[in-house]
Structure formats: structure tokens, C-alpha cells
Amino acid sequence: MPVIRQIAQLGQPVLRQVAETIADQADSAVQTLIDDMLVTVADANGVGLAAPQVYEPLALFIIASRPNPRYPQAPQMEPTALINPEILWMSDDKEKGWEGCLSIPGLRGLVPRHRRIGVRYLTRAGESREEEFSDFLARIFQHEFDHIRGVVFLDRVESTRELVTEKEYLRLAAG
Ligand code: ZN
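These figures come from a predicted structure and were not determined experimentally.

The rules behind the values
- The residue numbering used here restarts from 1 in each chain and proceeds along that chain's sequence as written.
- Predicted model: local features are reported for residues with pLDDT of at least 70 only, side-chain atom pairs are reported and counted for 80 or more only, and whole-chain, interface and lining totals are derived from all residues.
- Calculation of side-chain values draws on the structure's entire complement of heavy atoms; hydrogens and water are dropped beforehand.
- Here a strand is any run of E in DSSP of at least two residues, a helix any run of H or I of at least four, and the numbering for each starts at the N terminus.
- In this scheme, a helix's expected span is set at 1.5 Å multiplied by one less than its residue total.
- Exposure categories follow from relative accessible area, calculated using a 1.4 Å probe and restricted to protein chains: below 20% of the type maximum is buried, above 50% is exposed, and the middle band is partly exposed.
- What makes two residues a contact is simply this: any of their non-hydrogen atoms within 4.5 Å.
- A 3.5 Å cut-off defines polar contacts: any pair of N or O atoms within that distance qualifies, except that in protein one atom must be a possible hydrogen donor and the other a possible acceptor, and neighbouring residues in sequence count only when both atoms are side-chain atoms.
- For Na, K and Ca the donor cutoff is 3.2 Å, while for all other metals N, O and S atoms must lie within 2.8 Å; water is not among the atoms, so some sites may look incomplete.
- The term nonpolar core refers to a set of buried residues drawn from Ala, Val, Leu, Ile, Met, Phe, Trp, Tyr and Cys, joined through side-chain atoms within 4.5 Å.
- A pocket here means an open set of points on a 1 Å grid, computed over the protein atoms alone, that has protein on both sides within 12 Å along at least five of seven lines. A cavity is instead a set of points where a 1.4 Å probe fits but cannot get out; residues with an atom within 4 Å of a point line either one.
- Grid points are joined across faces, edges and corners, and a volume is the space filled by probe spheres set on the points.
- Only Asp, Glu, Lys and Arg are considered charged, only Ala, Val, Leu, Ile, Met, Phe, Trp, Tyr, Cys and Pro nonpolar, and every remaining residue, Gly among them, polar.

**Comments concerning helix α1 (residues 28-43)**
Argument step 1. Here α1 contains 16 residues, and its C-alpha end-to-end distance of 23 Å stays within 8% of the 22 Å for a straight helix at 1.5 Å per residue.
Argument step 2. Looking at α1, one finds that the buried residues are V30, Q31, L33, I34, D36, M37, T40 and V41.
Argument step 3. Residues of α1 that are buried in the fold lie against β1 (48-50), β2 (60-63) and β3 (80-90).
Argument step 4. The N-cap of α1, judged by a side-chain oxygen 2.8 Å from the amide nitrogen of A29 a few residues on, is D27.

Below, the structure is given as C-alpha cells:
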């Protein structure tokens with residue numbers, strides 16, 4: 001039975017570590033970690049979760065996109081595990097969008113991200129995939145990719161004036 005893992009909060013050193021490449025994705029500890037992360041991200045209502053956020057400094061994250069008020073066009077997808085992800089290219093154009101983080105509760109910030117990226121990763125079954133992501137998916141990917149390099153969205157906010165509380169953010173999103 002998968003278990004809901006505890007989520008590391010900002011200040012925990014694991015969030016600032018560079019994650020290690022996974023040598024064998026078929027390893028039962030890795031497969032268990034993926035199962036646990038899938039129930040953890042669902043329980044937390046997140047759209048993404050990186051392994052360091054559950055105290056495992058490994059190059060692995062979950063993307064769990066679904067439509068939301070800010071991104072009504074966001075694809076509804078089956079939550080997917082991406083192992084040893086790489087960014088192959090990034091579009092020059094960037095776009096600012098609101099982000100939050102399960103490790104930084106109560107805050108939202110405007111974060112510039114590349115609008116389109118080309119990526120490569122391993123699936124949990126061990127297949128190598130190359131894909132192009134745009135808009136919301138590209139944003140989630142870049143946010144989670146940052147986590148495996150010890151970077152959080154606050155590092156990318158251009159001004160502290162572009163930070164708001166979750167409560168004010170929800171008011172903005174509604175209005
Ligand atoms: Zn995050």
C-alpha cells in the first residue's frame with residue numbers, strides 16, 4: 001500500500017541539495033517512492049511533486065496537470081513520473097505566471113519561465129522519451145526540474161513585490 005509521505009518545508013536542507021541521478025529505475029525502492037509520491041501529490045492537491053520534497057534527493061518528479069482557474073487550458077492528464085529528466089532546448093520567449101509550492105505554503109509568486117521546452121526523461125517502465133512541453137506543462141516541468149537542482153520558485157521571482165499570500169492570490173484569481 002502506498003503511503004502519503006511528509007513534505008519537506010522550506011528551510012529543510014534537502015530542498016537545497018542537488019539530486020542524484022537514478023541508476024536503476026526498476027529498483028523496488030524507486031518504484032515504491034513513485035507510488036508514494038503519486039498518492040502524496042494527489043492528497044496535497046498538487047500539480048507536481050519532486051522527490052527532494054519528500055526527503056529523497058533523487059532526480060525524479062511527478063507532473064499531475066489539470067485545468068485550474070489560472071490555466072483553464074491546462075491538460076487533464078494521468079499523473080506521470082519523470083526520471084532523470086533533462087532539458088534539451090528552451091524557447092527564447094518567457095512568460096510570467098503565478099506559482100506556488102507544496103514546500104512553501106501560503107505564498108504565491110510571479111515566475112518567468114520559458115514558454116516551450118524540449119525534454120528527455122525515463123518513464124517508470126524504463127523507456128526513454130523525448131517530448132515538447134508548452135505553457136502550463138512547461139511551467140510545471142521547469143518548477144520541478146528546479147527542485148532536483150536545489151532551486152525553489154522564490155529564487156526566480158524578480159521582485160519581492162511579485163509575491164502575494166495565498167489568500168490574496170485566490171482573491172486575485174477570483175476577480
Ligand atoms: Zn515546488
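**A short note on the coordination of the zinc ion**
Argument step 1. Protein-derived coordination of the zinc ion comes from C101 (SG), H143 (NE2) and H147 (NE2), at a distance range of 2.0 to 2.3 Å.
Argument step 2. When the donor residues of the zinc ion are listed from N- to C-terminus, their spacing reads C-x41-H-x3-H. Linking C101 in the loop between β4 (94-99) and β5 (107-114) with H143 in helix α2 (residues 135-147), this pair joins segments that are 42 residues apart in sequence. Accessibility assignment for this pair places C101 and H143 in one class, buried.

**Regarding the nonpolar core**
Argument step 1. Membership of the largest hydrophobic core comes to 18 residues, with the highest contact counts inside it found for F61, I63, L82, F133, F141 and I148.
Argument step 2. Every element with two or more residues in this core is listed here: β2, β6 (116-122) and α2.
Argument step 3. The residues touching L82, leaving out its near neighbours within four places in the chain, are A59, L60, F61, I63, Y121, L122, F133 and F141.
Argument step 4. Judged by nonpolar contacts, the second largest core, of 14 residues, contains L60, I62, A81 and I83.

**Some remarks on empty space enclosed by the protein**
Argument step 1. In the structure shown here, the tally under the stated rule is 1 cavity of 30 Å³ or more.
Argument step 2. Lining the largest cavity we find E95, R113, H114, R115, D135, A138, R139 and Q142.
Argument step 3. Broken down by secondary-structure element, the contributors of at least two residues to the lining of the largest cavity are β5 and α2.
Argument step 4. The element that contributes the greatest number of residues to the lining of the largest cavity is α2, accounting for 4 residues.
Argument step 5. The residue inventory of the lining of the largest cavity, partitioned by class, reads 1 nonpolar, 2 polar and 5 charged.

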